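Structural description and commentary
Chain by chain, the residues run as shown.
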Amino acid sequence: MASSFPASNTSTRSERNTYVGKGFVHVKNPYLDSMDEDVLYHLDLGTKTHNLPEMFGDVKFVCVGGSPNRMKAFALFMHKELRLEDSEEDVKDICAGTDRYCMYKTGPVLSISHGMGIPSISIMLHELIKLLYHARCCDVTIIRIGTSGGVGIAPGSVVITDRAVDSFFKPRFEQVILDNVVTRSTELDKELAEELFNCSKEIPDFPTLIGHTMCTYDFYEGQGRLDGALCSFSREKGLDYLKRAYNAGIRNIEMESTVFAAMCRLCGLKAAVVCVTLLNRLECDQINSPHDVLVEYQKRPQLLISRFIKQRLGLRDQTS
Ligand SMILES: O=P(O)(O)O[C@H]1O[C@H](CO)[C@@H](O)[C@H]1O
Ligand SMILES: O=c1cc[nH]c(=O)[nH]1
């Protein structure tokens, strides 16, 4: 870890409790306040080694996505869009000491990668939420900008999730804790989803819709694909499942939204999920569009979120 700070940024129990319920990010762990030091191991940050309030106290928007390159590209894009005074070279990976995740800060915007799947994003979110808590951040909006498989919609469409559902089409996240299964709500912020949708209408030729997002534990069999190393069902069964998903209001499939929604909700973060679709799963399983097409698709959620952030910050748009 980097240089050492005195323990002055370790706030007292009573101080911390005043944050709850006032737009401050909160944690739900009675043990955390009694810890002398909190090492955010996978982020290579900690309460004794870093002055978290100074480094992150002004964060208002957190954007997360699976790929480190995408999240770096988003940070550089935001740097340009926010017309920040420091140079592009100053946009450095704050988590460079670990290769688990990457993190960039541009003004009030934090951009972080989370890898693929529920376990990976869950570890990142535990440490990110504690970071925001230790940094005494308030009124933070968090958005996952990802890719997904579309269900019955044209590739390249952007889906704003109104409800994150599991493989049984239920709006729940089942967390195994010790040897119990604890079911958590996956409700997302409705007003935020509407605000994002309204924002999308201002971007020309920008196909966007609000719909349910199914979150699975696997990319292949778990998403009804016939092209994995294993496939234990017929083409008809797979297609029937995807059609039933469509009829249940599901418009895209990805691998993190349920735990993302559940954890953010419990910790007082207003959260949204915005994913572009790379293919229509009612038509195919393989992602075989040309590279440049896929790169352009991946930029769509970034464009929408940059618009949204600038609108929230009262900045005029420069991109169209
Ligand atoms: O593009 P990202 O954000 O990684 O999201 C989607 O892409 C990955 C699978 O290719 C899964 O993580 C899925 O959720
Ligand atoms: O089909 C897809 C595409 C991207 N991500 C997924 O999880 N599924």
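It should be emphasised that the depicted structure is a prediction, and the values quoted were computed from it without experimental measurement.

**Overview of helix α8 (residues 291–312)**
- Taking 1.5 Å per residue, 22 residues should reach 32 Å; α8 reaches 33 Å between its end C-alpha atoms and fits that length.
- Regarding α8, the residues found buried are Leu294, Tyr297, Arg300, Pro301, Gln302, Leu304, Ile305, Ser306, Arg307, Phe308, Ile309 and Lys310.
- Directly beyond the C-terminal end of α8, a positive phi value near 75° is found at Gly314.

**Overview of the site of ligand 1**
- Within the structure, ligand 1 sits among Gly65, Gly66, Arg70, Met116, Gly117, Arg144, Gly146, Thr147, Phe219, Glu254, Met255 and Glu256.
- At 2.5 Å from an oxygen atom of ligand 1 is found a side-chain nitrogen or oxygen belonging to Thr147.
- Contacts to ligand 1 include Glu256, whose side-chain N or O atom sits 2.5 Å from an oxygen atom.
- Burial of ligand 1 by the protein amounts to 87% of the accessible area it has alone, namely 350 Å².

**Quick notes on the domain arrangement of the protein**
- Looking at the assigned domains, one finds that the protein contains domain 1 (24–139) and domain 2 (145–313).
- Centre-to-centre, using C-alpha coordinates, domain 1 lies 23 Å away from domain 2.
- Taking both sides of the interface into account, the surface hidden between domain 1 and domain 2 amounts to around 2,300 Å²; carbon and sulfur atoms contribute 75%.
- If you sort the residues of domain 1 by the area they bury against domain 2, Phe61, Arg70 and Ile118 come out on top, with a joint share of 29%.
- Counting every contact that joins domain 1 to domain 2 gives one salt bridge.
- The partner of Glu81 in a salt bridge is Lys310, and the shortest N-O contact between them spans 2.3 Å.
- At the level of secondary structure, the elements contributing two or more residues to the side of domain 1 that touches domain 2 comprise β3 (61–65), α3 (68–81) and α4 (118–134).
- Residues that form the side of domain 1 that touches domain 2 fall into these classes: 18 nonpolar, seven polar and three charged.

**Focus on a negative patch on the surface**
- Judged by side-chain charge, Glu85, Asp86, Glu88, Glu89 and Asp90 come together as a negatively charged surface patch.
- The topology assignment puts Asp90 in the loop between α3 and β4 (103–106).

**Some thoughts on the pairing of strand β11 (residues 250–254)**
- Within β11, five of the five residues are buried, which leaves the element mostly enclosed by the surrounding structure.
- Pairing of strand β6 (residues 141–150) with β11, which is carried by two bridges, proceeds in the antiparallel orientation. Residue Gly150 lies in a different strand from β11, and its bridge partner there is Asn252.
- Of the strand pairs in this sheet, strand β10 (residues 208–215) and β11 are connected by four bridges, and their pairing is parallel. Within β11, the position partnered with His212 by the bridge is Ile250.

**Examining the site of ligand 2**
- Surveying the vicinity of ligand 2 reveals the residues Thr147, Ser148, Gly149, Phe219, Gln223, Arg225, Ile253, Glu254, Met255, Leu279 and Ile287.
- Between an oxygen atom of ligand 2 and a main-chain N or O atom of Gly149, the distance comes to 3.5 Å.
- Note that an oxygen atom of ligand 2 is positioned 2.7 Å from one of the side-chain N or O atoms of Arg225.
- Bound to the protein, ligand 2 loses 93% of the 240 Å² it would expose on its own.
- Elements represented by at least two residues in the shell around ligand 2 include exactly β6 and β11.
- Split by residue class, the shell around ligand 2 holds five nonpolar, four polar and two charged.

**Some words on the pairing of strand β5 (residues 109–113)**
- Across the five residues of β5, five count as buried, placing the element largely inside the fold.
- Of the two faces of β5, the one lined by Val109, Ser111 and Ser113 and the one lined by Leu110 and Ile112 are each fully buried.
- Bridge analysis of β3 against β5 gives five bridges, and the strand direction is parallel. Following the sheet pairing, Phe61 is matched in β5 by Val109.
- In terms of strand pairing, β4 meets β5 through four bridges, oriented antiparallel. Across the sheet, the residue bridging to Thr106 is Val109, located in β5.
- Where β4 hands over to β5, the hairpin turn is made up of two residues, of which Gly107 adopts a positive phi near 55°.

Conventions and cut-offs
Residues numbered from 1 in each chain as written. Chains lettered and ligands numbered in written order. Predicted model: local features only at pLDDT ≥ 70, side-chain atom pairs only at ≥ 80, totals over all residues. Heavy atoms only, no water. Helix = DSSP H or I, 4+ residues; strand = E, 2+ residues; numbered from the N terminus. Expected span 1.5 Å × (residues − 1). Buried < 20%, exposed > 50% of the residue type's maximum accessible area, 1.4 Å probe, protein only. Near = heavy atom within 4 Å. Polar contact = N/O pair within 3.5 Å; in protein donor to acceptor, adjacent residues only side chain to side chain. Areas by Shrake-Rupley, 256 points an atom, 1.4 Å probe, with all protein chains shown as cover. Domains from an automatic or database assignment. Buried area = accessible area lost by both parts, 1.4 Å probe. Salt bridge = Lys/Arg side-chain N within 4 Å of Asp/Glu carboxyl O. Nonpolar A, V, L, I, M, F, W, Y, C, P; charged D, E, K, R; others polar. Patch = residues over 30% accessible without salt bridge, like charges linked within 9 Å, V, L, I, M, F, W, Y side chains within 5 Å. Lys, Arg positive; Asp, Glu negative; His and termini not counted. Charge placed at Lys NZ, Arg CZ, Asp CG, Glu CD. Pairing = 2+ DSSP bridges.

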